[in-house]
Amino acid sequence: MTHTRRRTLEVATTASITALAGCLGGRDAIRRGGDDGDPGSPEGSSGDGTLGDPAAAVEVTVVTRPSPQFEPGLVHVEPGGTVRWLVEGPRHDVTAYHSDVDRPQRVPDGTDAFESGLLREGHEFEHTFDDPGVYDYVDTRRLCGSHEALGAVGRVVVGWPELETEPALEHDVSGLPSRAETVMAAYDERTREALAEV
Amino acid sequence: MTPINHPRRRFLQTMGATGVLAVAGCLEGDASEESNEAETDQNEGGDDGLPPAETPDIETIAADPTDVPDPVDWNEPRTHEWHIQTEEHVAEIEPGVTTRFMTFEGQVPGPFYRCRVGDTIRLTFDVPEEYNADLHNIDFHAVYGPGGGAVDTTIAPGEGEETIEFTTKYPGAHIYHCAPGNHDQHISLGMFGTILVEPEGGLPEVDREFYLGQHELYLDGETGEDGHHTFDFDEAATENPTYVLFNGEVGRFADGGEEGPLHAEVGETVRVFWCNGGPNLLSGPHPIGNVWSKWYRDGDVLSDPAQYVEGSAVPAGVTAIGEMEMEVPGPITLVDHALSRVVQKGLIAHIDVEGEPNPDVFNPDPEP
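Residues numbered from 1 in each chain as written. Chains lettered and ligands numbered in written order. Predicted model: local features only at pLDDT ≥ 70, side-chain atom pairs only at ≥ 80, totals over all residues. Heavy atoms only, no water.

Draft legend 1. Representation of the packing of aromatic side chains within the structure. Residues and elements named next belong to chain B. Considering all chains together, one arrives at 21 aromatic pairs over all chains under this definition. Between Phe104 and Phe125 the ring centres are 6.4 Å apart and the planes differ by 55°, which places this aromatic pair in the tilted class. Of this pair, Phe104 sits in strand β2 (residues 97-104) while Phe125 sits in strand β4 (residues 120-126); the two residues are 21 residues apart in sequence, bridging distant segments of the chain. Taking relative accessible area as the criterion, Phe125 reaches 0% and is therefore assigned buried. (Phe/Tyr/Trp six-rings, centres within 6.5 Å; stacked < 30°, edge-to-face > 60°. Helix = DSSP H or I, 4+ residues; strand = E, 2+ residues; numbered from the N terminus. Buried < 20%, exposed > 50% of the residue type's maximum accessible area, 1.4 Å probe, protein only.)

Draft legend 2. Structural view of the confidence of the model for chain A. All names here are of chain A. Chain-level statistics for chain A give a pLDDT mean of 80 and a share of 76% at 70 or above. When the elements of chain A are averaged for pLDDT, helix α1 (residues 19-25) gives the smallest value, 32, and strand β8 (residues 153-158) the largest, 98. Segment residues 1-44 is flagged for pLDDT under 50; beyond a separation of four residues in sequence, or across chains, it makes 85 contacts in the model. (pLDDT = per-residue confidence, 0-100. Contact = heavy atoms within 4.5 Å.)

Draft legend 3. Focus on the interface of chain A and chain B. With 14 residues of chain A at the contact, the number on the chain B side is 20 residues. Summed over the three residues of chain A that lose the most area to chain B, namely Arg65(A), Cys144(A) and Arg179(A), the buried surface amounts to 42% of that side. On inspection of chain A and its partner chain B, the count reaches 1 salt bridge. With its nearest N and O atoms 2.5 Å apart, the salt bridge here joins Arg179(A) to Glu159(B). (Buried area = accessible area lost by both parts, 1.4 Å probe. Salt bridge = Lys/Arg side-chain N within 4 Å of Asp/Glu carboxyl O.)

Draft legend 4. A look at unusual backbone geometry. In this structure, Pro72(A) follows Glu71(A) across a cis peptide bond, with omega equal to -10°. Looking at the secondary structure, you find Pro72(A) in the loop between β3 (69-71) and β4 (74-87). In this structure, Pro279(B) follows Gly278(B) across a cis peptide bond, with omega equal to 20°. By the secondary structure assignment, Pro279(B) is in the loop between β13 (269-278) and β14 (285-288). Although it is not a glycine, Asp102(A) adopts a positive phi angle of roughly 60°. If you trace the backbone, Asp102(A) turns up in the loop between β5 (95-96) and β6 (124-129). Owing to a relative accessible area of 73%, Asp102(A) belongs among the exposed residues under this scheme. Despite not being glycine, Asn247(B) has its phi angle at roughly 60°, a positive value. Looking at where Asn247(B) falls in the secondary structure, it is placed in the loop between β11 (243-246) and β12 (262-265).

Draft legend 5. Expanded view of the sheet that holds strand β8 (residues 192-198) of chain B. All names here are of chain B. One open sheet accounts for 4 strands, arranged β3-β8-β7-β5; its pairing is mixed. A strand with exactly one partner marks an edge of an open sheet, and here the two such strands are β3 (113-116) and β5 (139-140). Bridge count between strand β7 (residues 172-177) and β8: 6 bridges; the pairing is antiparallel. What sits directly across from His177, in β8, is Phe192. (Pairing = 2+ DSSP bridges.)

Draft legend 6. Just the environment of Gly148(B), in detail. All names here are of chain B. Looking at the secondary structure, you find Gly148 in the loop between β5 and β6 (162-167). Of the residues examined, Gly148 reaches a relative accessible area of 6% and is grouped as buried. In the structure, Gly148 is positioned 10 residues away from Ile138 in sequence and 7.6 Å away in space, judged by C-alpha atoms. Residues within four places of Gly148 in sequence aside, it is in contact with Ile138, Asp139, Phe140 and Val143.

Draft legend 7. Focus on the side chain of Thr319(B). All names here are of chain B. If you trace the backbone, Thr319 turns up in strand β17 (residues 318-325). In this structure the side chain of Thr319 is engaged in a polar contact, spanning 2.8 Å, whose partner is the side chain of Thr194. Those residues in contact with Thr319 that lie beyond four places of it in its chain are Ala173, His174, Ile175, Thr194, Phe273, Trp274, Cys275, Asp298 and Gly299. (Polar contact = N/O pair within 3.5 Å; in protein donor to acceptor, adjacent residues only side chain to side chain.)

Draft legend 8. Representation of the nonpolar core within the structure. Judged by nonpolar contacts, the single largest core of 79 residues is most densely connected at Leu123(B), Phe140(B), Ile195(B), Met324(B), Leu334(B) and Ile351(B). Per element, the largest residue contribution to this core is 5 residues, and it comes from β13(B). Among the domains, domain 1 (79-198) and domain 2 (208-354) of chain B are the pair contributing at least three residues each to this core. With near-sequence residues (within four places) excluded, Leu334(B) lies in contact with Leu212(B), Phe246(B), Trp274(B), His286(B), Pro287(B), Trp292(B), Met324(B), Ile348(B), Ala349(B) and Ile351(B). Residues Val60(A), Val87(A), Ala96(A) and Tyr135(A) belong to the second largest nonpolar core, which totals 22 residues. (Core = buried A, V, L, I, M, F, W, Y, C linked by side-chain atoms within 4.5 Å. Domains from an automatic or database assignment.)

Below, the structure is given as structure tokens:
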């Protein structure tokens, strides 16, 4: 297993090419989130990336232990903001809940799918989110069950969208397997609370 | 397997040189505040040693090998209601050596479940916050379905129970185990067991049945090192176990062990369910001083069993079945014939066979 962090740039065929802008400049500006699960945020950013406090860039760790999950699972970025996923553990991925990749549509209609492909230990993946909205994603790797069923699902809230029209919150979580449903339902609750307060 | 304390007692560890950080999380609350990961990496941390052994919260983690349900005595499919909960417990591997086991129902291996082909099982599964720090689930090799049931039984501590229903479509002895992503950790620490699906005609009647669970522990200390050990993922990756055990304890059912040898009598036929949880190693079961007069390879109960085999290969994740004839009195030693595991890593059990000598079969002192 290599511990060298290799940049995994998403295939830019269907994905917005503007995503690259966020990949090129931000790396050194991003600091790691603390042990408490708070996402990192760049110097001088207005927010720390927790829900209700959007940042220009945040970092999410994809962990294997004690069980596969995203830490933190719910982050908030400004429009045009970037999320970088860092992988700890042998096999993970970051895949949008998007109908183009045969998943239930839980990202804003009209946006492109993002999909990291297999990520091994130490690898990373970035995506820049231009349009406000709620973007749900999943780790699709499988053994007996899928990482999805174990609860490895995440959400990126971009800007301050109107929740009523977001596919992620329109759709019933009961279509998701096992703990994906439980975890996503908790995200829904937190998202509604945080975005309703403003 | 009765816990000494209900609810779990908190254990404050003496702060050792390793600077254990766990104390804050131990003062109140429940098991979810405990961790199944090492506070420091012993391998990289030099010779600081292990934290002190913790006080066990259960008398023993070992299942009773004689605790096997009665054979199937019904001729039509029926429905069973099973409730299984996961429990993590600190227990002794041998005196002075502890780890935090993960179990089904507080024992290693998990309970022996028995039914008949065509039966329907309504399973309620729970991961109570009181006993668990990690999420768990259950994958039955006797089940057609996603993850053998694991997908729909995945529960984080305290999330509430899940119910699934399945019909046993094929007979045989099968493993069940936890499948949480870190399968090797959870199985190693005890989350495996056997479900026996009897064929329509049942299994041949025997006089006695035993159930043993073989598994490897991969820990951050050395074999026999006093203190509290924690699962070591690197040792697991290289398949270099600290212990290879029956039922989570060194020689519990052997001479000198906490429980002592199992018992049988001359003239009996004895059946052993050899459940190899693994998570990794191939086992070579052999009864020293006897032979497997019938051997149901891989737990296959439809094919004719092999006869008079000295040993066989039981892969991790398989329960095989062996039968022995008790021809003479004396000890039978159950071993994996990869004998370093017996001599150095803890795997051993005895069956003391009592009864009249049978000098026609074995005479230790023949006439000159």
